[in-house]
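Chains, contacts and geometry: an overview
What follows is the residue order along each chain.
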Amino acid sequence: MAATSRQASSVSPDAPAPVIVAIDGPSGTGKSSTSRAVAAKLGLSYLDTGAQYRAITWWMLTHDIDVRDAEAVAAAADRPEILSGTDPAEPTITVDGADASGPIRTQEVTGAVSAVSAVPAVRARITELQRAIAAGAPTGIVVEGRDIGTTVLPDADLKIFLTASPEARAARRGGELKGSGGRPVDLDATREALLRRDAADAGRKTSPLRKADDAVEVDTTELTLEQVIECVVTLIEDKQQAR
Ligand SMILES: Nc1ncnc2c1ncn2[C@@H]1O[C@H](COP(=O)(O)OP(=O)(O)OP(=O)(O)O)[C@@H](O)[C@H]1O
Ligand SMILES: Nc1ccn([C@H]2C[C@H](O)[C@@H](COP(=O)(O)O)O2)c(=O)n1
């Protein structure tokens, strides 16, 4: 078992204290795109926690664990070694040494990830990895997910909760699917699938998807990605100046 970030760097003794940013929100609101770009702009590390839940789900599926059997999932939760690389220019995710970045994006993993991530032993394991990575980020980190502001990093310097209408989110996802080739995208089905996953993630008992009371909510429905990035960069810079 290991929890490591592979972004190496040296920090001078009078460098400002690392800044910890939590970005949460439902599926397709722009968490990954925004967090990665913001981290790159500000020289921070970046952690995609959804990728970690997808990675453990992929491991369960490839090790014949019945993902609907919470006890079996819990019993296996400590077995895979999950390693996240936190350089925003090249984020990586490996499971037992194998690159998992492709396999974790399959429909099979997307369909199973909410069930696996609802298991408390899985959340405890992944939360521990996330906290270790955040604590080791030399200049600070942007961590994105569903429960970062509420559970993983409740003392984050800045918490942001991204939202967007289901229609906007489905259209964005539709654009991605069209870009990857294949059949025309059914936007209604995409929208329904997003909402089903949101409902499962918000309805679980352990650290559900929820806006932290002290999070800044940003509705991205009418904003371009560049506008959202700019908005978040400004919020972080304001926080840094106020410290
Ligand atoms: N403000 C925006 N305007 C238009 N497109 C956007 C915007 N923000 C993100 N996108 C696009 O929407 C898609 C989904 O974004 P992204 O993967 O960042 O969302 P997410 O919240 O991380 O989703 P998930 O939780 O499902 O991983 C991407 O193709 C991204 O480029
Ligand atoms: N902090 C987190 C991050 C993710 N999850 C779960 C719930 C999501 O449906 C799934 C995949 O995340 P995505 O890649 O779509 O961002 O992982 C969670 O429970 N907590």
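All values derive from a computational prediction rather than experimental measurement. (Residues numbered from 1 in each chain as written. Chains lettered and ligands numbered in written order. Predicted model: local features only at pLDDT ≥ 70, side-chain atom pairs only at ≥ 80, totals over all residues. Heavy atoms only, no water.)

**Points about the nonpolar core**
Within the largest apolar cluster, 25 residues are counted, with the highest numbers of intra-cluster contacts made by Met 60 and Val 122. For this core, the element with the highest residue contribution is helix α2 (residues 49-62), accounting for seven residues. Membership of the second largest hydrophobic core comes to 17 residues, among which are Ile 23, Leu 44, Val 228 and Ile 229. (Core = buried A, V, L, I, M, F, W, Y, C linked by side-chain atoms within 4.5 Å. Buried < 20%, exposed > 50% of the residue type's maximum accessible area, 1.4 Å probe, protein only. Helix = DSSP H or I, 4+ residues; strand = E, 2+ residues; numbered from the N terminus.)

**Here's the deal with the site of ligand 2**
Ligand 2 sits among 16 residues. The nearest are Arg 54, Arg 123, Arg 197, Asp 201 and Arg 204. Side-chain polar atom of Thr 49 to a nitrogen atom of ligand 2: 3.1 Å apart, as the coordinates give it. One of the side-chain N or O atoms of Asp 201 is found 2.7 Å from an oxygen atom in ligand 2. When its residues are assigned to classes, the shell around ligand 2 shows three nonpolar, five polar and eight charged. (Near = heavy atom within 4 Å. Polar contact = N/O pair within 3.5 Å; in protein donor to acceptor, adjacent residues only side chain to side chain. Nonpolar A, V, L, I, M, F, W, Y, C, P; charged D, E, K, R; others polar.)

**A short note on helix α4 (residues 107-117)**
All buried positions along α4 are accounted for by Val 109, Thr 110, Ala 112, Val 113, Ser 114, Val 116 and Ser 117. Each element contacted by the buried residues of α4 is listed here: α2, α3 (70-76), α5 (120-135) and α8 (187-203). (Contact = heavy atoms within 4.5 Å.)

**What about unusual backbone geometry?**
In this structure, Asp 96 takes a positive phi of about 50° despite not being glycine. Position of Asp 96 among the secondary structure elements: in the loop between β4 (92-95) and β5 (98-99). A residue is classified by how much of its surface remains accessible, and Asp 96, at 43% relative accessible area, is partly exposed. One non-glycine residue with positive phi stands out, namely Ser 207, at about 35°. On the secondary structure map, Ser 207 appears in the loop between α8 and β8 (216-219). Overall, Ser 207 belongs to the buried group, its relative accessible area being 13%.

**Some remarks on the UniProt feature "binding site: ATP" (unreviewed entry) in the protein chain**
Mapped onto this structure's residue numbering, the UniProt feature "binding site: ATP" (unreviewed entry) falls at Gly 25, Pro 26, Ser 27, Gly 28, Thr 29, Gly 30, Lys 31, Ser 32 and Ser 33. Mapped onto the elements of the fold, Ser 27 is located in the loop between β1 (19-24) and α1 (31-42). Excluding residues that lie within four positions of it along the chain, Ser 27 makes contacts with Arg 146, Arg 169, Leu 194, Arg 197 and Asp 198. There is a polar contact of 3.4 Å between the side chain of Ser 27 and the side chain of Arg 197. Structurally, Gly 28 is set in the loop between β1 and α1. The exposure class of Gly 28 is buried, given its relative accessible area of 15%. When residues no more than four places from it in sequence are discounted, the contact partners of Gly 28 are Arg 169, Arg 172 and Arg 173. (UniProt positions renumbered as here; feature names shortened; annotations may be inferred.)

**Considering the side chain of Lys 31**
Among the structural elements, Lys 31 can be located in helix α1. Put simply, Lys 31 is tucked away with no salt bridge, and the nearest opposite charge, on Glu 144, sits 5.0 Å away. There is a polar contact of 2.8 Å between the side chain of Lys 31 and the backbone oxygen of Pro 26. Apart from residues no more than four positions distant in its own chain, Lys 31 is found in contact with Ile 23, Asp 24, Gly 25, Pro 26, Glu 144, Gly 145, Arg 146 and Leu 162. (Lys, Arg positive; Asp, Glu negative; His and termini not counted. Salt bridge = Lys/Arg side-chain N within 4 Å of Asp/Glu carboxyl O.)

**Focus: the packing of α2 against α5**
Viewed as axis vectors pointing N to C, α2 and α5 meet at an angle of 140°, and their least axial separation amounts to 11 Å. One element, α2, and the other, α5, form an angle in the oblique class. The two elements α2 and α5 meet at a crossing, and its hand is right-handed. Across from Thr 49, Gln 52, Tyr 53 and Ile 56 in α2, the residues of α5 making contact are Val 122, Arg 123, Ile 126, Thr 127, Leu 129, Gln 130 and Ile 133. Here the contact of α2 with α5 is built from residues that sort into six nonpolar, four polar and one charged. (Axes fitted to C-alpha atoms, helices over the stretch in contact; angles between N-to-C directions. Parallel < 35°, antiparallel > 145°, perpendicular 65-115°, else oblique. Left-handed = near helix turned anticlockwise from the far one by under 90°.)

**A word on the site of ligand 1**
Around ligand 1, the structure places 17 residues, and the nearest of them are Lys 31, Ser 32, Ser 33, Arg 173 and Glu 176. Taking Gly 28, its main chain carries an N or O atom lying 2.9 Å from an oxygen atom of ligand 1. Within the side chain of Ser 33, a nitrogen or oxygen atom sits 2.4 Å from an oxygen atom of ligand 1. For ligand 1, whose free accessible area comes to 630 Å², the fraction covered by protein is 80%. Looking at side-chain class alone, the shell around ligand 1 contains four nonpolar, seven polar and six charged residues. (Areas by Shrake-Rupley, 256 points an atom, 1.4 Å probe, with all protein chains shown as cover.)

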